[in-house]
Amino acid sequence: MTFIRFDRTDLKVDDLLLGDVALVSPPEVYARLTHLLENAEATLTAVVGVIEHDPALAARLLRLANSPFFALLRPVLNVSEAIALIGIQELKQLVLATEVIRHFDGIPANLIDIYAFWRQSVRCAVLARLLADRRSPPLDADAMFVAALLHGVGHLVIYARLPELGRKTLLEHRYRGEPLYAMQREFIGFDYAQVGEALARRWRLPELFRCVIAWHIHPEQAESHGAEAALVHLALAAGRAPSFDREQVRDFLPRESRPWELAGITHAMLEDALSEAEQDFLAALALLR
Amino acid sequence: MGLKGSSPDATIYVIDSRGEPTDWLSEELRRQGAASVEHVNAGELRARLAPVHYGRDGDAALVVFCMERMDEALFDHCRRFHDLIEHGRLGIVGLVYGPAPDEAAWGDALASGCIDVLHTDGRLIRQDLHHRLLLAWKLINERRLRVTQEQHYQMQLADRRVMEARSHYAANHDLVTELANRSAFERALGACIELGRQRGITNALLHLDIDRFKLHNEVAGHGAGDHLLLLVANLLRGALPPEYLLGRLGADEFAVLLQGADEQEAMRLADDLRVRVSQIEPDGEHIVYHVAASCGVTVFLPGSVSNASQVFAQAEQACYVAKTRGGNAIHRFSHDDRALAHLREDMHWARPIRQALAEDRFFLAFQPILSVAEGRISHYEALLRIPTACGGDGESARFMLAAERLGLAQQIDLWVVNKALDFLHEHPDLRLAVNLSSHAFQEPGLLPLLKKKLAATQVSPERLTFEITETAAIVNLVHTRRLICEIAALGCRFALDDFGSGFSSYSYIKHFPIDMLKIDGSFIVGIRDDHRDKAIVQSMVDVGHSLDKEVVAEFIEDGATFRLLVEMGIDYGQGYFIGRPTLDLKAAKDRLKQ
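### A word on a negative patch on the surface
Residues and elements named next belong to chain B. Where like charges cluster on the molecular surface, the negative patch consists of Glu72, Asp76, Asp102, Glu103 and Asp108. Of all the secondary structure elements, the ones that give two or more residues to the negative patch are helix H3 (72-80) and helix H5 (103-111). Positionally, Asp102 belongs in the loop between strand S4 (90-96) and H5.

### Details of the interface of chain B and chain A
Taken together, the contact between chain B and chain A spans 50 residues of the former and 41 residues of the latter. Together, the buried faces of chain B and chain A total about 4000 Å²; carbon and sulfur atoms form 58% of this surface. One salt bridge connects Glu178(B) with Arg167(A), and the closest N-O pair in it is separated by 2.7 Å. Joining chain B to chain A, the criterion identifies ten residue pairs in polar contact (both at pLDDT 80 or more). Elements with a contribution of two residues or more to the side of chain B that touches chain A: helix H2 (42-48), helix H4 (82-86), helix H7 (129-172), strand S7 (179-180), helix H8 (182-199) and helix H10 (224-239) of chain B. With eleven residues, the single largest contributor to the side of chain B that touches chain A is H7(B).

### Regarding helix H11 (residues 163-176) of chain A
For an α-helix the count is 3.6 residues per turn, leaving residues at separations of three or four pointing the same way. Its 14 residues give H11(A) an end-to-end C-alpha distance of 19 Å, which sits within 8% of 20 Å, the value for a rise of 1.5 Å per residue. Counting buried positions along H11(A) yields ten of 14 residues, so the element is predominantly enclosed. Those residues of H11(A) not exposed but buried are Pro163(A), Glu164(A), Leu165(A), Gly166(A), Lys168(A), Thr169(A), Leu170(A), Leu171(A), Glu172(A) and Arg176(A). The inward-facing, buried residues of H11(A) abut helix H10 (153-161) and helix H12 (180-187) of chain A together with H7, strand S6 (173-174), S7 and H10 of chain B. One or two positions beyond H11(A), positive phi appears at Gly177(A), with a value near 75°.

### Observations regarding the packing of aromatic side chains
Residue and element names in this part refer to chain A. Here the structure, examined in full by the defined rule, presents nine aromatic pairs over all chains. The interplanar angle of 55° and the centroid separation of 4.7 Å between the aromatic rings of Phe69 and Phe145 together place this pair among those described as tilted. Pair noted here: Phe69 is in the loop between helix H5 (55-65) and helix H6 (79-86) and Phe145 is in helix H9 (residues 141-149), with a separation of 76 residues, a long-range link. Note on accessibility: Phe69 and Phe145 belong to one class, buried. Ring geometry for Phe117 versus Trp118: centroids 5.1 Å apart, planes at 80°, classification edge-to-face.

### Focus: the nonpolar core
Residues Leu16(A), Ile51(A), Phe104(A), Trp118(A), Leu156(A) and Phe209(A) are the most contacted members of the largest nonpolar core, which totals 119 residues. With twelve residues, helix H8 (residues 114-134) of chain A is the largest single contributor of residues to this core. Contact partners of Ile51(A), with chain neighbours within four places excluded, come to Val29(A), Leu33(A), Ala58(A), Leu61(A), Val79(A), Leu91(A) and Val95(A). Formed by 72 residues, the second largest nonpolar core is a distinct cluster that contains Leu432(B), Phe494(B), Ile519(B) and Leu564(B).

What counts and what doesn't
Residues numbered from 1 in each chain as written. Chains lettered and ligands numbered in written order. Predicted model: local features only at pLDDT ≥ 70, side-chain atom pairs only at ≥ 80, totals over all residues. Heavy atoms only, no water. Patch = residues over 30% accessible without salt bridge, like charges linked within 9 Å, V, L, I, M, F, W, Y side chains within 5 Å. Areas by Shrake-Rupley, 256 points an atom, 1.4 Å probe, with all protein chains shown as cover. Salt bridge = Lys/Arg side-chain N within 4 Å of Asp/Glu carboxyl O. Lys, Arg positive; Asp, Glu negative; His and termini not counted. Charge placed at Lys NZ, Arg CZ, Asp CG, Glu CD. Helix = DSSP H or I, 4+ residues; strand = E, 2+ residues; numbered from the N terminus. Contact = heavy atoms within 4.5 Å. Buried area = accessible area lost by both parts, 1.4 Å probe. Polar contact = N/O pair within 3.5 Å; in protein donor to acceptor, adjacent residues only side chain to side chain. Expected span 1.5 Å × (residues − 1). Buried < 20%, exposed > 50% of the residue type's maximum accessible area, 1.4 Å probe, protein only. Phe/Tyr/Trp six-rings, centres within 6.5 Å; stacked < 30°, edge-to-face > 60°. Core = buried A, V, L, I, M, F, W, Y, C linked by side-chain atoms within 4.5 Å.

Next comes the structure, spelled out in structure tokens:
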């Protein structure tokens, strides 16, 4: 039987992005770093200069570098030391994470609790980082951290551009018990992963990030980076539990074996990761402060 | 003429793949009019240029890439600076120190994004080098402007599409609950009716209404109403299969369209929703009272209804019936529903009554009552009328029941009391008996109004008689009795109307401060021919007298009946024989004097 429907918009993903210059503009410092690092001869001084041009960002990076999250052997006093100890690519990714969080400060508080949103993303990111290390062969843990942190960035574009539909999909998701992405497809016509992917393209994010954002809901459909997408899929599911307690997490894990196989992660690895997650999570919250 | 003419900040950057100094080139360009020429490597160039930002303009730059012969390095640079080239922010011009490259190489260079390839083999090129660069510069700027312009239109278009989607959404949804609003729901219902007709599908509609919503809203304060609405909306969301459309039709009315549902399914779901709503726990803040809802159900077979408003009306009427049964109930619409006959009557009267109240268009007719002992008209009964222009035919009996069911009776009662006292004030020689609805003595405003009005008009209270019926007396007995006693204590009089029509009249005479009994007209009409009626009336007269009550007989239509009743001992007579109801009291009084 055909059911009467009248809700869905005829919008395209790009409509959300293109109409809003500020939103679609890449994070400033990250874009300048990328632009600069595209050429091999870029000097350390130039890189440091770009980061220090934004003192608030620099301070936040230093705070993060000195947090137990990196567990460095000695305190880091300035940006060039941070680059030396953490690595220039890693630092660039942290710049991205820090700037994206700041980028979406303007979401109306009555729509979603933006702090709670990022806390949830950090939970997922921390688990992704721990899982990346435990896998064999391991994945780039720091990249996985940032990729997982950004997996849901498309939600924020939806809330910023379509607040009413954003609220509707949230209500339908919460009270009908359907996945949020499914409600977005039903009422908007596309989901946050599609929006996030388009944003990643516009921002010229690395392929890994783009694929994780695009495919973490259905990693088996990934065109590439399926393992990373599957790993974030697991981390996201586990991160939804109210705590990192393994008993509580168990109920939230995917039952089907496909994502586990694809990610190369076993239940034992996950349980091992959970034992360190709380500590890492508290340290990584420095990103949000 | 120089590049400065086109862009004040324009610098020509020179990259030399051979790594040899090319000072002669800078000198030559300056000689030909270039404002600024700088030698850089690719890395330095990156650092000088701002990154491309969608929707933002930026400076453009021109690069001369010098090479011995057509070199892969040129393509490599074009690839590296692809983003800037694409946005018209950078133009790369190849300069070959030697003979002209062949056509194929030249084509490859242009295909890779290079804007032009020049060569130094020949004085002509050397001489017009700067002119050729100016041309390239113009091309870059045109490209940049075009890209900027395109992006601008693209942004406007995208933004308009988003705005349209949002306003379309807002036009079809209720923004408190984010459910379909009435107009969207009505469209879906219309489509559903049509689909049902075409394919022979039975559908159903539920109309769910929160009981005493106004009370919740008023008691718990601002925002509490919206809170409750959202709570109920979310409860319904969670309770319904996804294919059933849920909407909010109005203030506290929700509707569910059940496509393909039969009566059993519809009733089951309606009751499930009712139960769920009744389980909402008061939270003491937003929700103070127990929450309940009533639900009307209508099942419409293919072709049984023609439009959405018909279905809405059926479900709404069924819901109304559920509400009149005390709420927290469900009811299914049926065409031969007796409860609905009342409802239709009520619907018919709702507008005229509201209108008459709002515009003060009710009026009173007066029927004389004769005192047998005095042999003259002692008082009048005031009869409520609604103007026929309002759509009614005037008689109060017809609309008062509807008014009671519609909850408007108490307002009418207050109007009657107010008007009666105005008349008594205008006619100091007059006494009036008024009829109030069965709910009148539930109205907390009645006593204060009466006291205030008596004080203001200085009318003596015993000139006003309230005619009450047994049914009025038994509603909330204790409360009614107290109020009647208080009014009696003011000095007003009470008559028990339609005496004999009920079953337990005698006990009321004992418990209420009644001054008069009005024998029900049905006993009077046939009294001359029916000895049983005669016996009953006689007994009522005797009982009344023995309890010290005066007795009135109404519906007296002829002289013989009147004489008979006088013989039987009545104190007052009323009916067409004595006088018909009249609007013009003065004329009636004059006529009676004759």
